[in-house]
Amino acid sequence: LFYQLLVSEMQQRSDQPGPAYALMLDAARKTRDPVLFRRAIEMALQARAGESALSAARAWSTALPQESEPLRYTLQILLALNRPADADPVLRRLLQQTPIQQRPELISALPGMIGRKASPAATLQAIEKALQSATQQPYTAPAAKTTIGRLQLANQQPAQALASAQQA
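Residues numbered from 1 in each chain as written. Predicted model: local features only at pLDDT ≥ 70, side-chain atom pairs only at ≥ 80, totals over all residues. Heavy atoms only, no water.

A. Seen up close, the environment of Ser55. Structurally, the position occupied by Ser55 is in helix H4 (residues 50–63). Considered as a pair, Ser55 and Ile41 are 14 residues apart in the sequence and their alpha carbons are 8.5 Å apart. (Helix = DSSP H or I, 4+ residues; strand = E, 2+ residues; numbered from the N terminus.)

Shown next, in the form of structure tokens:
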């Protein structure tokens, strides 16, 4: 394992991100170590290989299904890759696994996770769908409704957003 990690890091430093990522992900799968999964994701992101990063995050989630951190990574990567429809089930699962006291914070952080290239309409639709039950629960309703409102404003044209803000 030590040799595998050493070779992986050496390849990463010598601009061979593909083999470095593959070795790190293999080590992470064998050991089921969150630190190694995180490092494999970092390597893929440094190489601008979003699909590889997504693959590592999903492998981590599969290896350690009770943990919520791999779901957070998966959600962030999916949103950054402008795949909001794929993010819906991940967000639902993440909300279920997150303790109720931490759900409002997670919900409020969603607009910040959305990538710059994101399709606002598709993202809004996916997040509204995923947060539908959260809007009905007293503890999460304020955060869910605020997040949906922020995304609706972001989805409008600048003139429409200004008019909506002035009406409020």
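Don't stop here, the text continues.
B. Fine view of the pattern of salt bridges. Going through the model one piece at a time under the given rule, you end up with eight salt bridges. We note a salt bridge from Glu69 to Arg38, for which the minimum N-O separation is 3.0 Å. Here Arg38 lies in helix H3 (residues 34–46) and Glu69 lies in helix H5 (residues 69–80), a separation of 31 residues in the sequence. Residue classification places Arg38 among the partly exposed residues on the basis of a relative accessible area of 22%. Shared partners join several salt bridges into a network, and the residues in it are Glu9, Arg39 and Glu42. (Salt bridge = Lys/Arg side-chain N within 4 Å of Asp/Glu carboxyl O. Buried < 20%, exposed > 50% of the residue type's maximum accessible area, 1.4 Å probe, protein only.)

C. Just the packing of aromatic side chains, in detail. For the coordinates displayed, the defined rule picks out two aromatic pairs. Considering the side-chain rings of Phe37 and Trp60, the 6.0 Å spacing of their centres and the 0 degrees angle between planes classify their relative orientation as stacked. One end of the pair, Phe37, is in helix H3; the other, Trp60, is in helix H4, with 23 residues separating them in the sequence. Using a relative accessible area of 0% as the deciding quantity, one classes Phe37 as buried. Judged by relative accessible area, which is 0%, Trp60 ranks as buried. Grouped by ring-pair contacts, the aromatic residues Phe37, Trp60 and Tyr73 constitute a single cluster. (Phe/Tyr/Trp six-rings, centres within 6.5 Å; stacked < 30°, edge-to-face > 60°.)

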